[in-house]
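# Structure at a glance
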Amino acid sequence: EKAYPKIHINVESVPFGEFYTKTAVLAASSSPPDLYTVDQPTIANLAAGKVIQPLDKYLSSTYVQSMTTAARADFTYNGKLYSPGPIDTSLALYYNQTLLSKAGVTAPTSLATAWTWPQAVAAMQKCQKANSTSGGTVWGLAPTTFGNGTPGFDYISMLFVRSEGSKGGSGAGLKTFEGISPSGSTVNGYINSPQAIAGAKFYQDIFQKYKISPTTGIPNAFLDGKACFDMNTSNDIDTINAAKVSFKWGVTPWPHFQSPIVHNGSTEIAIGSKTQHLAQAVQFIKFISTPAQQEEMVTKTGYLPVISSLYQTDQILTTAPWNIFATQLDQWGEPRPVT
């Protein structure tokens, strides 16, 4: 609004659990939004339903080519780009260094030395045992803070399935890694292959067999020092710093089975197909996706950029713990299966 004094932006916020329903209601209303915040997996669906419009003729080819490969794949449907980003993220394991030190556990600090999931679970078990007392349990792994805090959120759980596959392989291994057919019309043979079932079973075992994570939500378990590890995204760095936690902490790469993989994608910006203010909406998406704005968002929110060159030049992204997320996104990042 400072850059464009004649443009005023009215933001309507809803709880994340109501996000998809609210988008559908607004899209069908007589006065739909000019701009939508869209979660990456819904871009194809919203594009197919003509809720949002392609942006190829509004974004320069230079900008589009500057985007990371994973981001371009995320925001594209039927060969057309529907969002400029401007943010991205990936998952890693945060750890409580104080609790790990008591248990004699040392977490890897590079992708080359990343744990396999059996190694990670062994570390979580050891840490939980060393720090739990008759006065209470310190969990090996905090319950996810996504959704309602219970298991099953596919941004996380689907990684256990896909990692059992082979990105460069063939047959069942490749299908397991892809998670859905190229047409987006079937998952038979993809998420029910023997490899996929093994990955899903291992995820279940974290809660039912190894019992290192609760099956119900515990708000702020990691922030309160009640969990050795936490599965979270890069923007949680800002949350931890703001909470002024009483323990030392760090980040270790996301564990894997056969193939290292992290899902990328976040909530992005798109222009509504029925906007009455197209010129202003285009000005907005161009402004918010500039390199300067993407760098500022890294600093203020913890979200990663979609401009690939920033991963080599931005000082924050090349230092720990940011570099873990940045390097993972560059080397292991994959869109969630698109329908």
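Residues numbered from 1 in each chain as written. Predicted model: local features only at pLDDT ≥ 70, side-chain atom pairs only at ≥ 80, totals over all residues. Heavy atoms only, no water.

### As for the overall build of the protein
Broken down by element type, the protein carries 14 helices and twelve strands. Over its C-alpha trace the protein gives a radius of gyration of 21 Å, about what one expects of a compact globule, namely 20 Å for 339 residues. Judged by the C-alpha coordinates and their principal axes, the protein covers about 60 × 45 × 40 Å. Counting every position in the protein, which comprises 339 residues, the buried fraction comes to 49%. (Helix = DSSP H or I, 4+ residues; strand = E, 2+ residues; numbered from the N terminus. Rg over C-alpha atoms; globule rule 2.2 N^0.38 Å. Buried < 20%, exposed > 50% of the residue type's maximum accessible area, 1.4 Å probe, protein only.)

### A short note on the nonpolar core
Judged by nonpolar contacts, the single largest core of 37 residues is most densely connected at Leu 100, Trp 117, Met 124, Phe 160, Ile 206, Phe 229 and Trp 254. Counting only elements with at least two residues in this core, the list comes to β5 (91-96), α5 (97-103), α6 (117-131), α7 (154-162), α9 (194-208) and β7 (227-233). For this core, the element with the highest residue contribution is α6, accounting for six residues. Dropping the residues within four chain positions of it, Leu 100 is found in contact with Tyr 95, Val 105, Ala 107, Cys 127, Cys 228 and Phe 229. (Core = buried A, V, L, I, M, F, W, Y, C linked by side-chain atoms within 4.5 Å. Contact = heavy atoms within 4.5 Å.)

### Overview of the packing of aromatic side chains
Under the criterion given, the structure shown has 14 aromatic pairs. Their ring planes at 55° and their centres at 6.1 Å tell us that Phe 202 and Tyr 210 sit as a pair that is tilted. Between the NZ or CZ atom of Arg 162 and the centre of the ring of Phe 177, over which it lies, the distance is 5.3 Å. (Phe/Tyr/Trp six-rings, centres within 6.5 Å; stacked < 30°, edge-to-face > 60°. Lys NZ or Arg CZ within 6 Å of the ring centre and 35° of its normal.)

### Things to note about helix α8 (residues 171-178)
By the burial criterion, the buried members of α8 are Gly 173, Thr 176 and Phe 177. Projection of α8 onto a plane perpendicular to its axis shows the buried side chains occupying an angular sector of 95°, all on one side. Contact partners of the buried residues in α8: α7, α9 and β12 (333-334). Just downstream of α8 lies Gly 179, where phi reads positive at about 80°. (Arc of directions from axis to C-beta.)

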